[in-house]
Amino acid sequence: MGGKGAGGTEAQKYVWEGAIPLQIHLHESEVTTLPSPPPALILAPRIGYLPLLGTKIKPFFSNSLPPGVDTVWFEYKGLPLKWYIPTGVLFDLLCAEPERPWNLTVHFRGYPGNILTPCEGEDSAKWSFINSLKEAAYVINGNCKNVMNMSQPDQLELWRSIMDGNLEAYLRISSKLKLGLVVDDFSIQLSSSSPKSLESTQNADGTGPAKIGRIPVRLYVRTINEDFDDLQDAPAVESWDKISYINRPVEIHGDGGKCFTLCDAITKLLRELFGEKLLPKDDVSGEEVEVGQRLSLEETKKSSMEQSGEMLNERIVSCSVSDGAVIKLIRIQGIEPKMEIPFAWVVNNLMNPEYFLHICVYVKIQEPITI
């Protein structure tokens, strides 16, 4: 597991520097000029939120808008996009085959309040981020006192570091929350045999590795009824009913000194789907692993929440269950990781700034899951 220096790990830097090229079109119903305005081209940070783009793209379309009050919202192939989900997660979830540039439609009128929660631009995005940070702190420490007790200047600097993509400033402020690194038993054993590795897992104050058992995870399960071999053939998401949005912590532990892997975490996260432990196979193309029960619709409904390297490769992870459900794809920060990667590495390097690890899972199932 790589060390986290003053400027973060190499993987963290890639995550923070990650951006998605967007081609944004003004919806035809809001065009009042001829010819129609050309689309706006912009780079959207992966760790950012779509409402933060409003002030940047408004100048491209202001002369074409009808009278009224601006309330910015976006859609993709007719699906209104939930603004509190990080932009990179939306991209990973909705574009099985990454689309570059990502073609989005922007609206400044007609906010779909029956589908999306209210949004007041940057203030709403900041409020949502802070609340997610409180949730994560509660999962990790059993309370969110450190977040609640943050000074207003620290809160502002933390938020500004995300707006500016400044990882060094973020690490400096977030270290005050004492949420720490994730180190499992297996990593500690490795560290004890390597002075350099042990040094890399120390806290900033030199007190040694912080061992955290509960990891905040947000799991997005996209259900697909049609079968497909190529990602580009995956059907578009027509409704959020096709997405199960689950907040569920994962407890990291090792049995007999074994490494706790992403495979172990996914098995626990989708315990309704995996009654037995999922074992990764070397033969990816023909990978089929018998596991337990089908994803419980009732449990998914109870768990859903609306508001509250060298070890990596690109591939389709496919595992089947006895009644026909198949995991077609797992994606984290745009990466399709090996199932045997240490989960502690994934958490330390690929989590979002609010200390949640966002995991997108594509599941083919015979019947649709509804929330």
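Since the model is a prediction, treat every value here as computed from it, not as a measurement.

Conventions used here
- Residues numbered from 1 in each chain as written.
- Predicted model: local features only at pLDDT ≥ 70, side-chain atom pairs only at ≥ 80, totals over all residues.
- Heavy atoms only, no water.
- Core = buried A, V, L, I, M, F, W, Y, C linked by side-chain atoms within 4.5 Å.
- Buried < 20%, exposed > 50% of the residue type's maximum accessible area, 1.4 Å probe, protein only.
- Helix = DSSP H or I, 4+ residues; strand = E, 2+ residues; numbered from the N terminus.
- Contact = heavy atoms within 4.5 Å.
- Polar contact = N/O pair within 3.5 Å; in protein donor to acceptor, adjacent residues only side chain to side chain.
- pLDDT = per-residue confidence, 0-100.
- Phe/Tyr/Trp six-rings, centres within 6.5 Å; stacked < 30°, edge-to-face > 60°.

## What to know about the nonpolar core
Core analysis: the largest hydrophobic core is formed by 59 residues, its most contacted members being Phe 343, Leu 357 and Ile 359. Examining the composition of this core, we find that 7 residues originate from one element, helix H4 (residues 122–141), more than from any other. When residues no more than four places from it in sequence are discounted, the contact partners of Ile 359 are Val 217, Arg 218, Leu 219, Tyr 220, Ile 266, Leu 269, Ile 330, Arg 331 and Ile 332.

## So, the environment of Tyr 245
Relative to the assigned elements, Tyr 245 resides in strand E8 (residues 243–247). Assessed through its relative accessible area of 9%, Tyr 245 is described here as buried. Within the local environment of Tyr 245, its side chain forms a polar contact with the side chain of Arg 218, the two groups lying 3.5 Å apart.

## Section: the environment of Val 237
In this structure, Val 237 sits in the loop between strand E7 (217–224) and E8. Val 237 sits in the buried class, given a relative accessible area of 7%. As a C-alpha pair, Val 237 and Leu 79 span 158 residues in sequence and 7.2 Å in three-dimensional space. Among residues more than four places away in sequence, those in contact with Val 237 are Leu 79, Leu 94, Arg 222, Lys 242 and Ile 243.

## Topic: the confidence of the model for the protein
Put simply, the protein has an average pLDDT of 80, and 73% of its residues get 70 or more. In the model, residues 193–210 has pLDDT below 50 throughout and makes 21 contacts with residues more than four positions away in sequence or in other chains. Taken together, the stretch residues 277–322 has pLDDT below 50 and engages in 126 contacts with residues farther than four places along the chain or on a different chain.

## Focus: the packing of aromatic side chains
For any two aromatic rings, the description comes down to two numbers: the centre-to-centre distance and the angle of the planes. This model, assessed by the stated rule, comprises 9 aromatic pairs. Plain terms: the ring middles of Tyr 76 and Trp 102 are 5.4 Å apart, the flat faces sit at 65° to each other, and that makes the pair edge-to-face. Here Tyr 76 is found in strand E3 (residues 73–76), whereas its partner Trp 102 is found in strand E5 (residues 102–107), with 26 residues between them in sequence. Each of the two residues, Tyr 76 as well as Trp 102, counts as buried. On the numbers, 5.2 Å between centres and 65° between planes, the contact of Phe 91 with Trp 102 is edge-to-face. Here the residue Phe 91 occupies a position in helix H3 (residues 87–94), and Trp 102 occupies one in strand E5, the gap between them amounting to 11 residues. We note that Phe 91, like Trp 102, is buried. Put simply, the rings of Trp 83, Tyr 84, Tyr 220 and Tyr 245 pair up and form one aromatic cluster.

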